[in-house]
Amino acid sequence: MSRNDTRSDPAARPRRRGPGLGRLLTALPLLAVACFTFGGSAPAGMPSPESVAAAPDRMPGRWSLGSARDLLAVIEDSAEEGLNPSDYNADALRAAIEASRKGPALDALATASALRIAHDYANGRIDDKAALDWHIAPPADPNRIAAGLAEALDRDRLGPWLRGLLPDNDQYRALRAAYADARGDEALRGRLRANLERWRWMPRDLGDRYIYVNIPGYRLSVINNGIEEASYNVVVGAPRTPTPQLELYAQSIVANPGWTVPHSIVKAGGTRGKGFRWIRNPDGSVSAWQAPGPTNALGRIKIDMPNPHAIYLHDTPNRAVFARENRALSHGCIRVENIEELAAMLQGGDGLDAALADPGKTKVFQLERSVPVYLVYFTAQADPDGTVRPLGDPYGRDKALLAKLGAAMEGKLQVAGR
């Protein structure tokens, strides 16, 4: 129940002895070129060159002026995604193109810019996602991004490849259109920009059937082949004990669960007067355990999804909380209204009713196939008709995210989407 750049346009300086800068750049590994061009730091989120074994070794002369123009067009369009084109060396790249500059200097500049925007499109601009309680793995591996760039240049498909790294779903498209339409309303644009960034953090393939819990919306949805199969009100973590953002897998249904109380709840005095049994552990510590039954804090059903944060979906004996508008009340786990219906949907219902009829006895039903569960935090979301609704921000995370994201590009915005 608890949870726990400085950017420059490099120029080759000829020398009488040893390799010139241009020759050196063409011999460097792909990500090393990026490090050099961006003043010693690789594109956001990229590992050091030594850690990248699968990246293409060299890209000598691979950047034509045509490819550089395609890259610049994508960079300029990044403003539509709530990003800032100046973060991708747009001015230096434009100057190089206008001067018809080719060779090692253009190769180094364009490679670094392309890797950086590819990373931000594929994995999001912000690297330290854990500081925002995001614990879902990045969608794309940096090695694959580097290899994809080389292949896109070889096949003259740089623009489509870069744009294809963005999320391809109705939510992202609706948020992007709303972002374009909200010019002049900077508060709304900021919220939409934060949520566009969060979608870039999401896995690109969520699965055919999955559970989706949007914390600010206080709702759990079962999505089957893109269609909402069922939806339930939920209670989420309180601001002092927030629900983390996780990708989990539901593996079993527990009927009439007992509850081993997390130490944080014991320490906060959450076991007073509730009939707990105290157990001394081998290491000398003491745990509190609550037997299954009508007053158990987990209610009659727990949906288990093993994870180090000790987060799961469960019932509650206090059903009145689901009528509240603000349902950020728990120690971190997700309480689900009508969870018996959800459990039967996942498990098939075979034997579940009989098990629930004996409230003092715990029984575990393993699911035939684990179900992905996404606990996410989107403060704006699109309805099925494409209308975007701002939601609350119970944990105050938009401000922190936007501070990390940096200033937006508020120049000319051409179109809302592609």
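Residues numbered from 1 in each chain as written. Predicted model: local features only at pLDDT ≥ 70, side-chain atom pairs only at ≥ 80, totals over all residues. Heavy atoms only, no water.

A. Fine view of the overall build of the chain. Within the chain, the regular secondary structure consists of 13 helices and 14 strands. Sorting the 418 residues of the chain into buried and exposed places 51% on the buried side. Carbon and sulfur atoms form 49% of the exposed surface of the chain, whose accessible area is close to 19300 Å². (Helix = DSSP H or I, 4+ residues; strand = E, 2+ residues; numbered from the N terminus. Buried < 20%, exposed > 50% of the residue type's maximum accessible area, 1.4 Å probe, protein only. Areas by Shrake-Rupley, 256 points an atom, 1.4 Å probe, with all protein chains shown as cover.)

B. Inspection of the pattern of salt bridges at higher detail. Applying the stated criterion across every chain yields a total of 19 salt bridges. One salt bridge connects Asp91 with Arg94, and the closest N-O pair in it is separated by 3.0 Å. Of this pair, Asp91 and Arg94 are both found in helix α4 (residues 90-98), three residues apart, which corresponds to roughly one turn of the helix. A salt bridge links Arg200 to Glu197, with the nearest nitrogen and oxygen atoms 2.9 Å apart. With Arg200 and Glu197 both in helix α9 (residues 186-201) and three residues apart, the pair spans about one turn of that helix. No difference in accessibility class separates Arg200 from Glu197, as the two residues are buried. (Salt bridge = Lys/Arg side-chain N within 4 Å of Asp/Glu carboxyl O.)

C. Inspection of helix α11 (residues 339-347) at higher detail. Regarding α11, the residues found buried are Ile339, Leu342, Ala343, Leu346 and Gln347. Down the axis of α11, the sector holding all buried residues measures 120 degrees, keeping them to one side. (Arc of directions from axis to C-beta.)

D. Seen up close, the sheet that holds strand β6 (residues 277-280). Strand order in this open sheet of three strands is β5-β7-β6, and the pairing throughout is antiparallel. Only two strands of the sheet have a single partner each, and these edge strands are β5 (259-261) and β6. Here the strands of the sheet are splayed against their neighbours by 35 degrees on average, with no regard to which way each runs. (Pairing = 2+ DSSP bridges. Axes fitted to C-alpha atoms, helices over the stretch in contact; angles between N-to-C directions.)

E. Spotlight on the nonpolar core. Within the largest apolar cluster, 59 residues are counted, with the highest numbers of intra-cluster contacts made by Trp63, Leu71, Leu93, Leu158, Trp161 and Leu162. Considering every element that reaches this core, the biggest residue donor is helix α5 (residues 104-123), with nine residues. Once you skip the residues sitting within four places of it in the chain, Leu158 turns out to touch Trp63, Ser67, Asp70, Leu71, Leu149, Ala152 and Leu153. Counting 45 residues, the second-largest nonpolar core is a separate cluster that includes Ile215, Val222, Ile253 and Ala343. (Core = buried A, V, L, I, M, F, W, Y, C linked by side-chain atoms within 4.5 Å. Contact = heavy atoms within 4.5 Å.)

F. Up close: the packing of aromatic side chains. Applying the stated rule across the entire model yields four aromatic pairs. Ring geometry for Trp134 against Trp201: centres 5.0 Å apart, planes inclined by 75 degrees, an arrangement best described as edge-to-face. Note that Trp134 is positioned in the loop between α5 and α6 (142-154) and Trp201 in helix α9, a separation of 67 residues in sequence. A centroid spacing of 5.6 Å and a plane angle of 85 degrees characterise the contact between Tyr210 and Tyr374, whose relative ring orientation is edge-to-face. Of this pair, Tyr210 sits in strand β1 (residues 209-214) while Tyr374 sits in strand β12 (residues 363-376), and the two are 164 residues apart along the sequence. You'll find Tyr210 and Tyr374 in the same group, each marked buried. Over the aromatic face of Tyr312 sits the side chain of Lys302, whose NZ or CZ is 4.7 Å from the ring centroid. In this structure, Arg397 is placed above the aromatic ring of Tyr377, and the distance from its NZ or CZ to the ring centre is 5.0 Å. (Phe/Tyr/Trp six-rings, centres within 6.5 Å; stacked < 30°, edge-to-face > 60°. Lys NZ or Arg CZ within 6 Å of the ring centre and 35° of its normal.)

G. How the structure looks around the environment of Leu346. Within the secondary structure, Leu346 sits in helix α11. By relative accessible area, which is 12% here, Leu346 ends up buried. Linking Leu346 and Ala250, residues 96 residues apart in sequence, is a C-alpha distance of 9.0 Å. What Leu346 contacts, discounting residues up to four positions off in sequence, is Arg209, Ile211, Ile253, Ile303, Leu367 and Val371.

H. Spatial organisation of α4. By the burial criterion, the buried members of α4 are Ala90, Ala92, Leu93, Ala96 and Ile97. Across the axial projection of α4, the buried residues extend over an arc of 165 degrees, all falling on one side. Exposed positions of α4 whose direction lies more than 90 degrees from the buried face are Asp91 and Glu98. Against α3 (65-77) and α5 lie the buried residues of α4. Positive backbone phi, at 50 degrees, marks Ser100, one or two positions downstream of α4.

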